[in-house]
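Spelled out from the first residue to the last, the chains are:
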Amino acid sequence: MAMLLAKKNLRALLRGAMDRKYRVVGPVREHGIVLFAEMSDPGALCLDELNTQNSIKEFFFPKTEKLFTYSLGKNDAAVADDFAPPRTVLIGGRACDARSLVALDRLFGWDYKDKFYFARREATCVITLACDRFDEACFCTSLGFGPRAAEGSDILLVPVEGDEYAVEAVTDKGRALIAEVKDVFTEGTPGAEKVAYPEKKFDLAAVKPWLERNFEHPIWKEEFLSCLGCGTCTYQCPMCHCFDIVDEGDIHGGARCKNWDSCQFALFTLHTSGHNPRPAQAARWRQRLRHKFVYYADKFGTEACVGCGRCIRNCPVCLSILDKLVLIGREAAAAPAQPAGAQP
Amino acid sequence: MASDNIYLPYLMKVDGVRDETRDVRTLRLKFARDEDAAQFSFKAGQFGEYSVFGAGECTFCIANPPTRAGFIECTFRKAGRVTKALRDLEVGDTAGFRGPYGNVFPIESWYGKSVLFIAGGIALPPMRCVIWNCLDLRDKFKDITVVYGARTVGDLVYKDELREWSERSDMKLIQTVDPGGETPDWRGQIGFVPTVLEKAAPASADTIAVVCGPPIMLKFTFPVLDRLGFARASVYTTMENRMKCGVGKCGRCNVGGVYICKEGPVFTAEQVARMPAEY
Ligand code: SF4
Ligand code: SF4
Ligand code: FES
């Protein structure tokens, strides 16, 4: 026997959560685009698209986060942070989205702990849908996991024959939510899983050593000339986490905020002196690839890419990180490292 | 700042303002709360985020030595929104400070050796902290030499301290300005820092070199030090990449895989040589 959820009961699950004062976030259609957004009515849940345009990161690391408020008087000053994120059920992310949380935990938690991110993490129950389809931009399997991986989810819903989901309660938080809304679930023997696996497209093990060896390489100039530096790829990416810290307010009162930023912007690294360590777009793309596949992997033991394909679907000039990874895989196969420096 | 919010600054009061050049100013800040002052400590080389509420934060090293504590100083050039707002502060005004962040100059490991300081322009502030730190422990070191250059005489910062250093008998100060930057009464050298350094040819035996300056100056100074016989592991610098968070989150400061805010800002020339040319 296993726990099952009829697809038609998905909205009842959300209704149950709303009745218990959870904020519910899930994919909804807004102006023709399917986005993760806060829902006031479970009927708005939209599972038509494989992937939303935005990622779930903004519910843990918002586009703009108030770090504290300040008020200044004539001779005194006060700062305050009364931060308490709402208890949230986040439904409709994919295995890639959930995995991004586990990877981001390491960044926001190393040494200094970012309480804003972790408070939102703790307050949020993540219900993930395993994928029953993929598109040409998906590459989770190339990164060593797959469309029904449970990592990062509190509850995993796996589509099975019979218009049902097999329910995997992954964490205590997930089990607690299930206990709260248990009426919507049934017990039974699940039908065959309807999970769709994209084929593996490149050899991940070859990418990092190639990037390490080729800080200088013709592809940096040849492949990225068309990039506009618009930053769309980084904003839609569940893993990109660069931010700026800015004040909003005046000398009397206001707030200091943490706002998303992007390594694809020319101003990102510009020094006051006018010197720019990454003067061209090619250098910024190289940073993006190396950060995701070398630096992050070295520091945090996992890539800063989960293969969700958002950057590919949304790039205005159709630059594809997947194409570049495939190209790098090919380059690596054509010119393997010297045995002494070879990676296992 | 007893808070779990890593972005919350200490509240500071402006305690002193000093103009170094036409556009460079030093601020002395004191902690608004005694508890903060009592538990705060730092070491030479560390940096922080200085802020003006309503304008934002800016990264500078702590320019005073830990041997003279109870306050912190920063020296900055007016360049953008935050530095303009910092410049507008008057004695008694409120500011913010987060820090100290980053690693330190391993000064204890230099005891018994000579120290050679080489700085260009607005890069004297990060070094001033170390220079005073060493001068305040003068008997721990052999020779202390400072080579300092700026574009013009008007751009030399800490003029009072330069005078004091030039008058001290227990250290040597070599000052220079770029060709064309001299005034009729200029009595120092004329020439770029690396050239002047090579001519002065300080001894490298048992000597630590500390170099601070813009990337272009580092690029030309390291080879001179090589030729003078300095081992790259005895040459230190502090890297001034753009930073925002200071705590290894915001993704701004990395050179290759090295997060300057966490693993730096102090590096040896040997470590710098291993980084990709992206600084
Ligand atoms: S880099 Fe692209 S494919 Fe990878 S996680 Fe980010 S948006 Fe998804
Ligand atoms: S979305 Fe495309 S054009 Fe825009 S910065 Fe990313 S790669 Fe460049
Ligand atoms: S300054 Fe933010 S990561 Fe280093």
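1. Considerations on the domain arrangement of chain B
All names here are of chain B.
Here comes step 1: Per the domain assignment, the segments of chain B are domain 1 (10-101) and domain 2 (107-238).
Here comes step 2: Centre-to-centre separation of domain 1 and domain 2, based on C-alpha positions: 24 Å.
Here comes step 3: Contact with domain 1, which involves 20 residues of that partner, is made by 19 residues of domain 2.
Here comes step 4: Taken together, both faces of the contact between domain 1 and domain 2 bury some 1,500 Å²; the carbon and sulfur share is 53%.
Here comes step 5: One can count three salt bridges joining domain 1 with domain 2.
Here comes step 6: Of the charged contacts in the structure, one is a salt bridge between R18 and E161, with a shortest N-O distance of 2.8 Å.
Here comes step 7: At the surface where domain 1 touches domain 2, the tally comes to nine residue pairs in polar contact (both at pLDDT 80 or more).

2. Quick look at the site of ligand 1
Residue and element names in this part refer to chain A.
Here comes step 1: Around ligand 1 lies a shell of 13 residues, among which C237, C305, V306, C308 and C311 are the nearest.
Here comes step 2: Mapped by element, the contributors of at least two residues to the shell around ligand 1 are α8 (281-300) and α9 (310-314).
Here comes step 3: Taken together, the residues that form the shell around ligand 1 break down as eight nonpolar, two polar and three charged.

3. Structural notes on the sheet that holds strand β12 (residues 253-260) of chain A
Residues and elements named next belong to chain A.
Here comes step 1: Taken in spatial order, the four strands of this open sheet run β5-β4-β12-β11, and their pairing is antiparallel. Strands at the two margins of the open sheet, each flanked by one partner only, are β5 (77-80) and β11 (243-249). Between one strand and the next, the sheet's axes are offset by a mean angle of 20°, whatever the strand orientation.
Here comes step 2: By the bridge criterion, seven bridges tie β11 to β12 in an arrangement that is antiparallel.

4. Thoughts on the side chain of S142 of chain A
All names here are of chain A.
Here comes step 1: Mapped onto the fold, S142 is located in the loop between β7 (124-129) and β8 (155-160).
Here comes step 2: Within polar-contact distance, the side chain of S142 engages the backbone nitrogen of K201 at 2.8 Å.
Here comes step 3: The residues contacting S142, other than those within four sequence positions of it, are E199, K200, K201, F202 and L204.

5. Observations concerning the site of ligand 2
Here comes step 1: Near ligand 2, the surroundings consist of 13 residues, among which C227, C230, G231, C233 and C315 of chain A are the closest.
Here comes step 2: Of the residues that constitute the shell around ligand 2, the class distribution is nine nonpolar, four polar and no charged.

6. Concerning the packing of aromatic side chains
Here comes step 1: Applying the stated criterion to the full structure yields 34 aromatic pairs over all chains.
Here comes step 2: Seen in terms of ring centroids, W132 of chain B and W165 of chain B are 5.6 Å apart; in terms of plane orientation they differ by 55°. Their pairing is tilted. Separated by 33 residues along the polypeptide, W132 of chain B in helix α3 (residues 124-135) and W165 of chain B in helix α4 (residues 159-167) bring together distant segments of the chain.
Here comes step 3: Feature note: the residues F60, F61, F83, F108, F116, Y117, F118, Y235, F243, W260 and F265 of chain A together with Y7 of chain B constitute an aromatic cluster, connected by ring pairs.
Here comes step 4: The ring of F116 of chain A has K115 of chain A sitting right over it, with the charged end atom 5.5 Å from the ring centre.
Here comes step 5: One cation-aromatic arrangement involves R128 of chain B over Y158 of chain B; the distance from NZ or CZ to the ring centre is 4.4 Å.

Cut-offs and rules
Residues numbered from 1 in each chain as written. Chains lettered and ligands numbered in written order. Predicted model: local features only at pLDDT ≥ 70, side-chain atom pairs only at ≥ 80, totals over all residues. Heavy atoms only, no water. Domains from an automatic or database assignment. Contact = heavy atoms within 4.5 Å. Buried area = accessible area lost by both parts, 1.4 Å probe. Salt bridge = Lys/Arg side-chain N within 4 Å of Asp/Glu carboxyl O. Polar contact = N/O pair within 3.5 Å; in protein donor to acceptor, adjacent residues only side chain to side chain. Near = heavy atom within 4 Å. Helix = DSSP H or I, 4+ residues; strand = E, 2+ residues; numbered from the N terminus. Nonpolar A, V, L, I, M, F, W, Y, C, P; charged D, E, K, R; others polar. Pairing = 2+ DSSP bridges. Axes fitted to C-alpha atoms, helices over the stretch in contact; angles between N-to-C directions. Phe/Tyr/Trp six-rings, centres within 6.5 Å; stacked < 30°, edge-to-face > 60°. Lys NZ or Arg CZ within 6 Å of the ring centre and 35° of its normal.

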